[in-house]
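Listed below, chain by chain, are the residues.
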Amino acid sequence: MNEDEIPRGYVKHQLSHSRLFLPVQLSASLKAEFDESEALRVLHARNREAAKALELITEESEELEPMPEPVSSVTPGMRTIYKLRELEALTNRAKSFKDGDESARVLRIVKKLVNLGFTRKYQTPDPAVVAAMATEFPHFGDVIALVHRHLVLAHKARTAPLIPPILLHGGPGLGKTHFTRELARVLGAPSRTVQFDTGAENSALLGLDKQWSNSKPGILFELLCLGPVCNPTVLLEELDKTHKFSESCPLDALHALLEPSTAVSVRDMCLELQFDAGAVTYIATANDLSKIPEPLQSRFEIFDVQQPTPEQSIQIAQTVAAAVVKEYAGFNPVSRAVAVAVAHLTARGVRKAVTSAIANAVLNDRDYLKASDMRLEDIDGSASSLLH
């Protein structure tokens, strides 16, 4: 056989300089594997500069060299939270700390941020689930409608859900706190509560300056930079009661956080890391609007919450009672008479009264509730006439 002659059914190996021949089928298979491997190599190379950051944070003496932003396949359902240059700057600062333990702690945070990546997904709740809240919270109908509209718009337009800051105004006993916590649960994103009537400081949201011994990152850094989504929920309870506890106003940070143009570039005071908080959902409560600065009020969608009507109170009681009864297999639905007997109570009071009533029904060998199952101590005396 001549040197250039190739046996039938074989091809010459393209990477070999010797007379090496491969069966045609095997050669095609190897080529396909090579092409696939090459494609993966190119894909991984796109983010190689970002990967270098993880190596560089462990170096002891060299300053980080400027590096381009990593190329990422960011989809409409993702949002970039922090930039690579911010991690570089934080790494350099950590290396200059005199306290070795603090330096190591911050470098561990940087390493975690690199591993988490620069983007976070949007949490996109089902609009129908939010709309269903009107059954239990009919006197919050306008608030529910606002949130529902924004979620429907996001779904229809295939865009990210962005809910404007909400402020619920009204006297005590209207169920504002219970509603906000239930709304946060239905929205499905991680949430945190800032309680302004118990001494919340300006540092709660954006951290405490590192010059203080008890310095620590703020809630927003924990939710956004260390969390899984870019649109967590922050509950601001008793926003009008800050003046009682703090010389520096805890509301100061909110002026920038609630303004869309500045919320996209905020800085944690402890780590001095800049990040995007522009997609956070804020839900606040207050009893007295006059104690909240007007410029801050203008950043909220304000809702005046009223006492539920008698019929709404019965509807709320029936919904809450039905949820309690559902936990006990075999019990019949709650009658209107039971709902009327507890309609004057808070949601917590309804749960307590109905739970006790179920025990009484079981003792009487019944699988349904009667108004007479309610304990007098669980309900208001003014409703005692309803028991007979």
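Figured I'd write up the structure that's included with this text. In this text, all values refer to a predicted model and were calculated from it rather than measured experimentally. (Residues numbered from 1 in each chain as written. Predicted model: local features only at pLDDT ≥ 70, side-chain atom pairs only at ≥ 80, totals over all residues. Heavy atoms only, no water.)

Quick look at the nonpolar core
At step 1: By size, the foremost hydrophobic cluster in this structure holds 49 residues, and its most contacted members are Leu220, Val234, Leu236, Leu239, Leu254, Leu257 and Phe275.
At step 2: Taken together, the elements giving at least two residues each to this core come down to α3 (84-95), α4 (100-116), α8 (203-206), α9 (219-225), β7 (233-237), α10 (252-257), β9 (273-275) and β10 (281-286).
At step 3: Excluding its chain neighbours within four sequence positions, the residues that come into contact with Leu220 are Leu205, Leu206, Cys225, Val234, Leu257, Phe275, Ala277, Val280 and Tyr282.
At step 4: Core analysis: the next-biggest nonpolar cluster, separate from the first, contains 23 residues, Ile314, Ala317, Val320 and Leu369 among them. (Core = buried A, V, L, I, M, F, W, Y, C linked by side-chain atoms within 4.5 Å. Buried < 20%, exposed > 50% of the residue type's maximum accessible area, 1.4 Å probe, protein only. Helix = DSSP H or I, 4+ residues; strand = E, 2+ residues; numbered from the N terminus. Contact = heavy atoms within 4.5 Å.)

Things to note about the environment of Leu239
At step 1: You can see Leu239 is positioned in the loop between β7 and α10.
At step 2: For Leu239, a relative accessible area of 0% gives the class buried.
At step 3: Residues Leu239 and Phe196, 43 residues apart in the sequence, show an inter-C-alpha distance of 5.7 Å.
At step 4: Beyond its immediate sequence surroundings of up to four residues, Leu239 is in contact with Leu167, Phe196, Leu251, Leu254, Ala284, Thr285, Ile292 and Phe300.

Section: the packing of aromatic side chains
At step 1: Considering all chains together, one arrives at four aromatic pairs under this definition.
At step 2: Judged by centre distance (6.2 Å) and plane angle (75°), the ring pair of Phe137 and Phe140 falls under edge-to-face.
At step 3: You can call Phe137 buried: its relative accessible area is 4%.
At step 4: Classification of Phe140 by relative accessible area gives buried; the value is 1%.
At step 5: Taking the centre distance of 5.2 Å and the plane angle of 75° together, the rings of Phe137 and Phe179 count as edge-to-face. Separated by 42 residues along the polypeptide, Phe137 in the loop between α5 (127-131) and α6 (141-157) and Phe179 in helix α7 (residues 176-187) bring together distant segments of the chain. The residues Phe137 and Phe179 share a single accessibility class, namely buried.
At step 6: Ring-pair connections join several aromatic residues into one group, and the members of that group are Phe137, Phe140 and Phe179. (Phe/Tyr/Trp six-rings, centres within 6.5 Å; stacked < 30°, edge-to-face > 60°.)

Description of the pairing of β7
At step 1: Extensive coverage of β7 is indicated by the burial of five of its five residues.
At step 2: Bridge count between β7 and β10: four bridges; the pairing is parallel. For Thr233, the partnering residue across the bridge sits in β10 and is Thr281. (Pairing = 2+ DSSP bridges.)

Brief notes about the side chain of Arg120
At step 1: If you trace the backbone, Arg120 turns up in strand β4 (residues 119-121).
At step 2: Buried charged residue Arg120 carries no salt bridge. Nearest counter-charge: Asp276, at 11 Å.
At step 3: Only 2.9 Å separates the side chain of Arg120 from the side chain of Tyr82, close enough to count as a polar contact.
At step 4: Among the polar contacts made by the side chain of Arg120, one reaches the main-chain carbonyl oxygen of Gly227 at a distance of 2.9 Å.
At step 5: With sequence-adjacent residues up to four places away left out, Arg120 is seen in contact with Gly77, Met78, Arg79, Ile81, Tyr82, Leu224, Cys225, Gly227, Pro228, Val229 and Cys230. (Lys, Arg positive; Asp, Glu negative; His and termini not counted. Salt bridge = Lys/Arg side-chain N within 4 Å of Asp/Glu carboxyl O. Polar contact = N/O pair within 3.5 Å; in protein donor to acceptor, adjacent residues only side chain to side chain.)

Let's talk about the sheet that holds strand β11 (residues 301-304)
At step 1: Taking strand neighbours across the sheet as the criterion, the five strands line up as β6-β7-β10-β5-β11 in an open arrangement whose pairing is parallel. Only two strands of the sheet have a single neighbouring strand rather than two, namely β6 (191-195) and β11. Strand after strand, the sheet turns through a mean of 15° between neighbouring axes, direction not considered.
At step 2: Of the strand pairs in this sheet, β6 and β7 are connected by five bridges, and their pairing is parallel. Among the inter-strand pairings, Gln195 is bridged to a residue of β7, identified as Glu237.
At step 3: Relative to the sheet, α7 contacts β5 (166-169), β6, β7 and β10, its axis offset from that of β7 by approximately 175°. (Axes fitted to C-alpha atoms, helices over the stretch in contact; angles between N-to-C directions.)

A few points about the pairing of β5
At step 1: Side chains Ile166 and Leu168 of β5 all project onto a buried face; the interleaved residues Leu167 and His169 project onto the opposite face, where all are buried too.
At step 2: Bridge count between β5 and β10: four bridges; the pairing is parallel. Residue pairing in the sheet places Leu167 in a bridge with Ala284 of β10.

Quick notes on unusual backbone geometry
At step 1: Even without glycine at this site, Glu272 takes up a positive phi of about 55°.
At step 2: Secondary-structure assignment places Glu272 in the loop between β8 (266-268) and β9.

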